[in-house]
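So you can see what is in the structure, the chains are spelled out below.
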Amino acid sequence: MLLITGGRRLQERLDERLAGLGLSMRLLGALGHVARDSDLSYSDLARRAGVTSQSMRATILMLEQLGAVRRTLPGQGHRARLELTDRGSSLLSDARTVAAELDAELLAGITAENKRALDHVLLHALGPVGAGSPPTAPGSLG
């Protein structure tokens, strides 16, 4: 319960800070997926985020309105591709900075040895994430 409660509180703190960039965790997650693989369909993105395709379409529309992604239409019979724009790259970089700053605040005063132990415990507790991939290290958004 401590991990669940702590995770929720940390997510709230990160969401508050991301709001200053015009982002949310949902938008950031989709932005990160597009940055890593622009060939993903809306269904692929929705599956990765654990939401419906309709919800992902709304998320992508918000990212388009922010100027963070754009759809390209390669031609008839081909699905639209999503491309990260310069604005999207900048937002992703700013979000990484926000997350790193929050990490630094949270870990202030913790020894390097205790930090390594915390990383080990959390990675062990989380286990594999997604399609068999190990959890990413702290501060590695996308």
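First, a word on scope: everything that follows refers to the structure included in this document. This structure is a prediction, so every number in the text was calculated from the model and none was measured.

For the rest of this paragraph, the subject is the packing of helix H1 (residues 2-19) against helix H5 (residues 86-107). When two helices pack together, their arrangement is given by the angle between their axes and by how far apart the axes lie. Here H1 crosses H5 at 135°, and the two axes come no closer than 10 Å. As the angle between them shows, H1 and H5 are arranged oblique. The hand of the H1/H5 crossing is right-handed. Residue-level contacts link Leu10, Arg13, Leu14, Arg17 and Leu18 of H1 to Ala95, Val98, Ala99, Glu101, Leu102, Glu105 and Leu106 of H5. Residues that form the contact of H1 with H5 fall into these classes: 8 nonpolar, no polar and 4 charged.

It is worth spelling out the environment of Leu82 at this point. Mapped onto the elements, Leu82 comes out in strand S2 (residues 81-84). Residue Leu82 is classed as buried on the basis of its relative accessible area, which comes to 3%. Here the alpha-carbon distance between Leu82 and Ala35, two residues 47 residues apart in the chain, equals 9.1 Å. Here Leu82 is in contact with Val34, Ser38, Tyr42, Leu45, Ile60, Arg70 and Arg71, once residues within four sequence places are set aside.

By size, the foremost hydrophobic cluster in this structure holds 24 residues, and its most contacted members are Leu31, Leu45, Met56, Ile60 and Leu63. Secondary structure elements with two or more residues in this core: H1, helix H2 (25-36), helix H3 (42-49), helix H4 (53-65) and H5. A per-element tally of this core places H5 first, with 6 residues. Leaving out residues up to four positions away in the same chain, Leu45 has contacts with His33, Val34, Leu40, Met56, Ile60 and Leu82.

Further remarks concern the pattern of salt bridges. In this structure the tally under the stated criterion is 7 salt bridges. For Asp119, the salt bridge goes to Lys115, with nearest N and O atoms at 2.7 Å. Of this pair, Asp119 and Lys115 both sit in helix H6 (residues 112-126), 4 residues apart, which is roughly one turn of the helix. Taking the relative accessible area as the measure of exposure, Lys115 reaches 30% and is therefore partly exposed. Each of Arg13, Arg17 and Glu105 takes part in a single network of salt bridges with overlapping partners.

Rules of the game
- Residues numbered from 1 in each chain as written.
- Predicted model: local features only at pLDDT ≥ 70, side-chain atom pairs only at ≥ 80, totals over all residues.
- Heavy atoms only, no water.
- Axes fitted to C-alpha atoms, helices over the stretch in contact; angles between N-to-C directions.
- Helix = DSSP H or I, 4+ residues; strand = E, 2+ residues; numbered from the N terminus.
- Parallel < 35°, antiparallel > 145°, perpendicular 65-115°, else oblique.
- Left-handed = near helix turned anticlockwise from the far one by under 90°.
- Contact = heavy atoms within 4.5 Å.
- Nonpolar A, V, L, I, M, F, W, Y, C, P; charged D, E, K, R; others polar.
- Buried < 20%, exposed > 50% of the residue type's maximum accessible area, 1.4 Å probe, protein only.
- Core = buried A, V, L, I, M, F, W, Y, C linked by side-chain atoms within 4.5 Å.
- Salt bridge = Lys/Arg side-chain N within 4 Å of Asp/Glu carboxyl O.

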